[in-house]
Amino acid sequence: MTKLLSELHSLVWGVPALVLILGVGLWLTAGLGLVQLRLFPRAMRRFLAQLRPARGGEGVTGFQALCTALAATVGTGNLVGVAGALCLGGPGAIFWMWLCGILGMATKFAEATLALRYRVRTPEGFAGGPMYTIARGLGRKWLPLAKAYCVFGIIAAFGVGNATQVSAVASGVGGVLSAFGAAPGRGFYLALGVVLAAFLGNLLRGGAGAIGSAAEKLVPFAAAGYILLCLYALWAGRAALPAALAAIFRGAFDPRAVTGGMLGSAVEALRIGCSRGVFTNEAGMGTASIAHAAASVDRPAQQGLLGMVEVFLDTIVICTLTALVILVSGVPIPYGRDVGGQLTTAAFARFYGAGAPVLLTAFLVCFAVATVLGWGLYGSACARFLLGSAWAGAFVWVQMGVVVVSCVADTASVWQLSETVNGLMAIPNLISLALLLPELRRLTKEIGE
């Protein structure tokens, strides 16, 4: 089974997938006139203006939609996934993660903008996302592609949006307790799973409004706290910062020189960087547009601006800070072997001592809980589009069951399965974005410069 997953992962994340993701990102960047650079100052002004949002209009506020999208993107991938990228792709993988992030800003702008353009009004509120963009923007003959997206979305919601997050929480909490001489047994993990499932299930049943309200409280607090944690560590290790940055740029094109010959080609660094980059910021997958579609805004492209900010905060800020803390810490990186969270914890321990596991676990729990909420919304929306509203409630119960199972079961293979499904989700979404470029140009012109 593991071998099959590995082969499927390599196939999905091979050269064709990278060409599609980077190619569509370049297509949108050129077609929209470097929108991620040209309109970035305006996007940041809009973001800062909504830090104290006032509710108005139908649906959730633009800020709540952004926080819900960030809730799903800022997760264990920012702490564990970045460390894995360093292990498997070397420091150069971070360079390619940046490149995917910059192109992903244009992609996420397009996703959010089109989601609002083609959303529909339902008894539960606004509903939108890649499935609606494909079905309504490209026409009914493309409906099978929209349905395929929903199938992949439901699977991903159980994997990347649930099992990997909850498993990381259980592992982190268990590790902290063990460090204090109170190694938890199976009963503890079962109880933890039940408590998490009850808490998350209650919010998921509340829909976009309840999730958005929780996200706007949880995500800014957790993100700001983690950024401050990283900044202190980088200040303490500032003498090693130039060498860390040099390793990232050199390693992108000559991984062997930086890793002592332990890793191979620059193509592999690019592949790892792009796959982990998409895993963390989800640009190209279209999932965040499901959250953005619920926003109450005057013009679709206004929410697209916040989509750009989402990728910037996730990849260019948070992922970069995690990578730099690891590199400046001086902790040996076991190239070729993905030790994930162990590497991140060891790096922060150089600056925070024995308290590092407690601090990281606290942020990990916040990020993971927020991710499950965001992905719960996405999976529920996919289930509703594919199977009807009656199945959305059943989906929440299944999600709660996966939470419990993930606390007590080994989910080692889920990371690879999650990245594989991420790649499959991107295909229908990217096709629609490329074909709808003329409409994107029109919508972008509506908001001016």
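These notes cover the structure that comes with them. (Residues numbered from 1 in each chain as written. Predicted model: local features only at pLDDT ≥ 70, side-chain atom pairs only at ≥ 80, totals over all residues. Heavy atoms only, no water.)

Let's shift gears to the pattern of salt bridges. When the charged atoms of two side chains with opposite charge come close together, those side chains can pair. Under the defined criterion, the tally for this structure stands at four salt bridges. Two residues, E439 and R117, come together in a salt bridge whose shortest N-O distance is 2.8 Å. In this pair, E439 sits in helix 21 (residues 437-446) while R117 sits in helix 7 (residues 92-117), placing the two residues 322 residues apart along the sequence. The buried category is assigned to E439, whose relative accessible area is 16%. Between R442 and E446 there is a salt bridge; the shortest N-O distance is 3.0 Å. (Salt bridge = Lys/Arg side-chain N within 4 Å of Asp/Glu carboxyl O. Helix = DSSP H or I, 4+ residues; strand = E, 2+ residues; numbered from the N terminus. Buried < 20%, exposed > 50% of the residue type's maximum accessible area, 1.4 Å probe, protein only.)

Scanning the model with the defined rule gives 15 aromatic pairs in all. Where Y226 meets F363, the ring centres are 6.0 Å apart and the plane angle is 70°; that geometry is what we call edge-to-face. Residue Y226 is found in helix 11 (residues 207-236), and its partner F363 is found in helix 18 (residues 356-387); the two are separated by 137 residues along the sequence. Feature note: the residues Y226, Y232, F348, Y352, F363 and F367 constitute an aromatic cluster, connected by ring pairs. (Phe/Tyr/Trp six-rings, centres within 6.5 Å; stacked < 30°, edge-to-face > 60°.)

In this section: the layout of surface pockets. In this structure, the second largest pocket occupies an estimated 490 Å³ of space. Around the second largest pocket, the lining comprises 27 residues; the ones closest to its centre are E124, G207, A208, L377 and R384. Those elements that place two or more of their residues in the lining of the second largest pocket are strand 2 (125-127), helix 11, helix 15 (288-292), helix 18 and helix 19 (390-408). Looking at the lining of the second largest pocket, the element that brings in the most residues is helix 18, giving five residues. Partitioned by chemical class, the residues of the lining of the second largest pocket number 14 nonpolar, 10 polar and three charged. (1 Å grid on protein atoms, 1.4 Å probe; cavity = no way out; pocket = protein on both sides within 12 Å on 5 of 7 lines; lining within 4 Å. Points joined across faces, edges and corners; volume = space filled by probe spheres on them. Nonpolar A, V, L, I, M, F, W, Y, C, P; charged D, E, K, R; others polar.)

So, on to the side chain of H292. When you line up the elements, H292 lands in helix 15. Judged by relative accessible area, which is 0%, H292 ranks as buried. A polar contact is formed between the side chain of H292 and the side chain of E310, at a distance of 3.0 Å. Setting aside anything within four residues of it in sequence, one finds H292 in contact with A65, L66, A69, A112, L116, Q303, L306, G307 and E310. (Polar contact = N/O pair within 3.5 Å; in protein donor to acceptor, adjacent residues only side chain to side chain. Contact = heavy atoms within 4.5 Å.)

Let us now look at helix 9 (residues 143-179). In an α-helix there are 3.6 residues to a turn, and that puts residues three or four apart on one side. For helix 9, with 37 residues, the first-to-last C-alpha span of 52 Å sits near the 54 Å given by 1.5 Å per residue. The sharpest bend along helix 9 measures roughly 45° and falls at A156. (Expected span 1.5 Å × (residues − 1). Bend = angle between axes of the 7 residues up to and from the residue.)

All right, on to empty space enclosed by the protein then. Inspection of every chain in the model, using the stated rule, returns five cavities of 30 Å³ or more. Quantified by volume, the largest cavity comes out at close to 70 Å³. Of all the secondary-structure elements, those providing two or more residues to the lining of the largest cavity are helix 2 (15-31), helix 7 and helix 14 (266-281). No other element matches the four residues that helix 7 contributes to the lining of the largest cavity. Classifying every residue of the lining of the largest cavity gives five nonpolar, six polar and no charged.

Ranked by internal contacts, the top residues of the largest apolar core, which has 145 residues, are M131 and Y226. If we ignore the near neighbours within four places in the chain, the residues touching M131 are A146, Y149, C150, I290, A381, C382 and F385. (Core = buried A, V, L, I, M, F, W, Y, C linked by side-chain atoms within 4.5 Å.)

Secondary-structure assignment places S380 in helix 18. Non-local contacts of S380, meaning those with residues more than four positions away in its chain, are made with A392 and F395.

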